[in-house]
Amino acid sequence: MAPHPTRVGLVFGGASGEHAVSIRSAQTVLRGLRSGANGERYQVSCFYIDRRGGWWPEAVATAVLERGLPAEAGDLPGPEEPGGFRGFPDGALEMEVWFPVLHGPNGEDGTIQGLFTLMGVPFVGSGVLGSALGMDKQAMKAAFAAAGLPQVPYACVEASELDASPGDREALLERLESQLGYPCFIKPANMGSSVGISKAGDRAALLAGLELAAGLDRRLVVEQGVKARELECAVLQRADGQGDGLRSSVLGEIRFDADWYDYETKYSEGLSHTVIPAVVSEAVSARARAMALDACRAVAAGGLARVDFFYDEATGSLWLNEINTLPGFTSQSMYPMLWEASGCPLPDLVHELVLGAGGSGQRLNVEGTAP
Ligand SMILES: Nc1ncnc2c1ncn2[C@@H]1O[C@H](COP(=O)(O)OP(=O)(O)O)[C@@H](O)[C@H]1O
Ligand SMILES: [Mg+2]
């Protein structure tokens with residue numbers, strides 16, 4: 001039995017375009033960690049990473065969580081730092097386990113996971129490899145392809161290819177057109193929330209889309225566009241000793257009134273909604289749930305993940321779209337809602353996640369669980 005409540009460090013915010021979503025996710029995770037029996041199991045301290053990457057202690061973190069809005073420069077006590085990680089604020093070194101609630105670059109990509117690994121402190125979610133592979137769409141797709149998982153046809157492009165001579169640029173566009181056709185989707189490899197993604201129906205739009213994405217990332221992906229339903233599956237790695245412990249939830253579907261699920265549709269109230277469980281046949285559900293686990297194994301993801309699919313009802317085709325290793329965790333997010341619908345409500349879910357924390361290979365001994 002643990003002699004004291006386990007000290008959990010919840011870190012949120014982050015130098016990422018998904019900073020604001022992270023604050024809302026952290027509110028939900030904190031609520032779960034303080035509910036019911038978790039209140040005795042865990043002593044949670046919150047830490048805030050501002051948009052420039054600086055870490056702030058509990059008092060600042062709590063104020064940000066209460067307001068639900070990012071801190072602006074004038075709100076932050078202390079001198080203006082140059083930005084980036086400059087050391088831990090008070091209390092951080094006493095944490096026994098870390099719960100990163102960070103989305104996108106500098107949090108979901110293996111960077112903070114590397115920091116915790118070096119410290120030798122366990123943390124929730126994927127390690128360095130799984131996080132890095134899951135973040136970069138080129139690397140993720142290569143890993144899925146190596147595992148033989150179905151994906152829509154795609155091509156990788158480097159931003160520098162756009163700087164080539166006009167003749168070589170034409171050749172690139174022709175190659176993409178003949179490989180993928182129209183419509184196609186152009187994506188920066190390392191973003192999220194549909195930022196920098198566009199859909200092209202002709203050559204001019206393809207070039208404009210490549211230039212837009214190249215302004216955000218060196219590594220780009222172009223995909224054949226499909227007309228398909230968008231299904232999602234949540235994965236949780238349980239520390240119950242059965243196999244690798246990966247479990248999949250019921251499926252959910254994203255429905256929206258827009259041509260595709262772009263940034264505005266994702267984050268404007270009322271433009272999209274979720275259907276849980278997704279209305280698909282038992283066979284499709286079983287295929288997707290098995291594929292979600294295979295997707296995690298292909299990129300070495302652990303702890304938690306949300307795996308997204310395209311499903312063409314007319315042909316029965318099911319393609320993997322992407323994996324998110326730190327999926328949105330707001331009260332309206334698919335990840336906690338899928339687990340709720342699968343019989344694992346929020347307090348149990350976050351408890352399982354902390355129990356599964358093992359980034360450094362250590363096992364936690366939390367009261368109420370057999371070692
Ligand atoms: N190949 C595709 N065919 C049809 N729609 C696509 C395709 N790729 C992306 N989309 C649309 O763009 C959205 C965002 O793409 P996604 O790859 O999931 O990026 P992000 O990582 O930013 O969520 C998808 O939810 C879907 O609506
Ligand atoms: Mg997506």
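Each chain has its residues counted from 1, following the order in which its sequence is written. For this description, chains carry letters from A and ligands carry numbers from 1, given in the order in which they are written. Only residues with pLDDT of at least 70 get local features here, since the model is predicted, and only at 80 or more are side-chain atom pairs given and counted; chain-wide, interface and lining totals rely on the full set of residues. Here the side-chain values reflect all heavy atoms present in the structure, with hydrogen atoms and water set aside.

## A few points about unusual backbone geometry
Then step 1. With omega at -5 degrees, the peptide bond leading from Y182 into P183 counts as cis.
Then step 2. For helices the rule is a DSSP run of H or I covering at least 4 residues; for strands it is a run of E covering at least 2, with both sets numbered from the N terminus onward. Looking at the secondary structure, you find P183 in the loop between α7 (166-180) and β6 (184-188).
Then step 3. In this structure, the amide linkage connecting I276 to the following residue, P277, adopts the cis form with an omega of -5 degrees.
Then step 4. Along the chain, P277 turns up in the loop between β11 (272-275) and α10 (282-299).
Then step 5. The phi angle at S194 is positive, at roughly 65 degrees, despite the residue not being glycine.
Then step 6. If you trace the backbone, S194 turns up in the loop between β6 and β7 (198-200).
Then step 7. Throughout this description, buried means an accessible area under 20% of the type-specific maximum (1.4 Å probe, protein chains only), exposed means over 50%, and partly exposed covers the range between. S194 sits in the buried class, given a relative accessible area of 9%.

## Quick word on the pairing of β6
Then step 1. Counting buried residues in β6 gives 5 out of 5 residues, a clear majority hidden from the surface.
Then step 2. As paired strands, β6 and β7 are joined by 3 bridges and run antiparallel to one another. In the strand pairing of β7, C184 is matched with A200.
Then step 3. Two strands form a pair only when DSSP identifies at least two bridges running between them. Note that β6 and strand β8 (residues 219-224) share 5 bridges and pair antiparallel. From the neighbouring strand, C184 faces β8, where its bridge partner is Q224.

## Here we look at the confidence of the model for the protein chain
Then step 1. Across the chain, each position has a pLDDT score giving the predictor's confidence in that residue, from 0 to 100. When the pLDDT values of the protein chain are averaged, the result is 93; 95% of them are 70 or greater.
Then step 2. We call two residues contacting when some pair of their heavy atoms lies within 4.5 Å. Residue range residues 359-365 is modelled with pLDDT below 50. Its contacts to residues more than four positions away, or to other chains, number 19 contacts.

## Some details on the site of ligand 1
Then step 1. Here a residue is near a molecule or strand as soon as one of its heavy atoms is found within 4 Å of it. In the vicinity of ligand 1 lie 19 residues, with K137, K187, S194, Q224 and E230 positioned nearest.
Then step 2. Within 3.5 Å is the distance limit for a polar contact, defined as a pair of N or O atoms, with the added protein rule that one can donate a hydrogen and the other accept it, and that residues adjacent in sequence qualify only through two side-chain atoms. Side-chain polar atom of K137 to an oxygen atom of ligand 1: 2.6 Å apart, as the coordinates give it.
Then step 3. At 3.3 Å, a backbone N or O of S193 approaches an oxygen atom of ligand 1.
Then step 4. Residue burial considers only the protein chains on display, and all accessible areas are found by Shrake-Rupley using a 1.4 Å probe. Expressed as a share of its isolated accessible area of 540 Å², the protein-covered part of ligand 1 is 95%.
Then step 5. For the shell around ligand 1, the elements supplying multiple residues, two or more each, are β6, β8 and β13 (317-324).
Then step 6. Broken down by class, the residue content of the shell around ligand 1 amounts to 7 nonpolar, 6 polar and 6 charged.
Then step 7. Counting residues domain by domain, the shell around ligand 1 receives three or more from each of domain 2 (135-149 + 227-325) and domain 3 (154-224). Three classes are used: nonpolar for Ala, Val, Leu, Ile, Met, Phe, Trp, Tyr, Cys and Pro, charged for Asp, Glu, Lys and Arg, and polar for all others, with Gly counted as polar. Segmentation into domains, and thus their bounds, comes from an automatic or database assignment.

## Some remarks on the sheet that holds strand β5 (residues 154-158)
Then step 1. Pairing in this open sheet of 4 strands is antiparallel, and the strands run β5-β8-β6-β7 from one edge to the other. Only two strands of the sheet have a single partner each, and these edge strands are β5 and β7. Put simply, the sheet's adjacent strands are angled 25 degrees from each other on average, direction ignored.
Then step 2. Together, β5, β6 and β8 form the strand contacts of helix α6 (residues 137-146), whose direction differs from that of β8 by roughly 55 degrees.
Then step 3. In this description, a line fitted to the C-alpha atoms serves as the axis of each element, helices being fitted only across the stretch in contact, and the angle between N-to-C directions of two axes falls anywhere from 0 to 180 degrees. Sheet strands touched by helix α8 (residues 203-214): β5, β6, β7 and β8. Its angle to β6, the strand with the most contacts, is close to 15 degrees.

## A look at the pattern of salt bridges
Then step 1. A carboxyl oxygen of Asp or Glu within 4 Å of a side-chain nitrogen of Lys or Arg is what we treat as a salt bridge. In this structure the tally under the stated criterion is 18 salt bridges.
Then step 2. The residue E352 makes a salt bridge to R238 at a minimum N-O spacing of 3.1 Å. With E352 in helix α12 (residues 346-355) and R238 in the loop between β9 (229-237) and β10 (246-256), this residue pair connects regions lying 114 residues apart in the sequence.
Then step 3. Residue classification places E352 among the buried residues on the basis of a relative accessible area of 17%.

## Considerations on the nonpolar core
Then step 1. As used here, the term nonpolar core means buried Ala, Val, Leu, Ile, Met, Phe, Trp, Tyr and Cys residues forming a set that is joined through side-chain atoms within 4.5 Å. The biggest cluster of nonpolar side chains holds 43 residues, and the ones touching the most others in it are L10, F12, L33, Y48 and F99.
Then step 2. The contact partners of L10, leaving out residues within four places of it in the chain, are A26, V29, L30, L33, V44, S45, C46, F47, F99 and V101.

## Considering the sheet that holds β9
Then step 1. Read across the sheet, 5 strands follow the order β11-β10-β9-β12-β13 without closing on themselves; strand pairing throughout is antiparallel. Only two strands of the sheet have a single neighbouring strand rather than two, namely β11 and β13. This sheet shows a mean twist of 30 degrees between the axes of neighbouring strands, independent of strand direction.
Then step 2. With 8 bridges joining them, β9 and strand β12 (residues 304-312) adopt antiparallel strand pairing. Residue pairing in the sheet places L231 in a bridge with F309 of β12.
Then step 3. Sheet strands touched by helix α11 (residues 334-341): β9, β10, β11 and β12. Its angle to β10, the strand with the most contacts, is close to 120 degrees.

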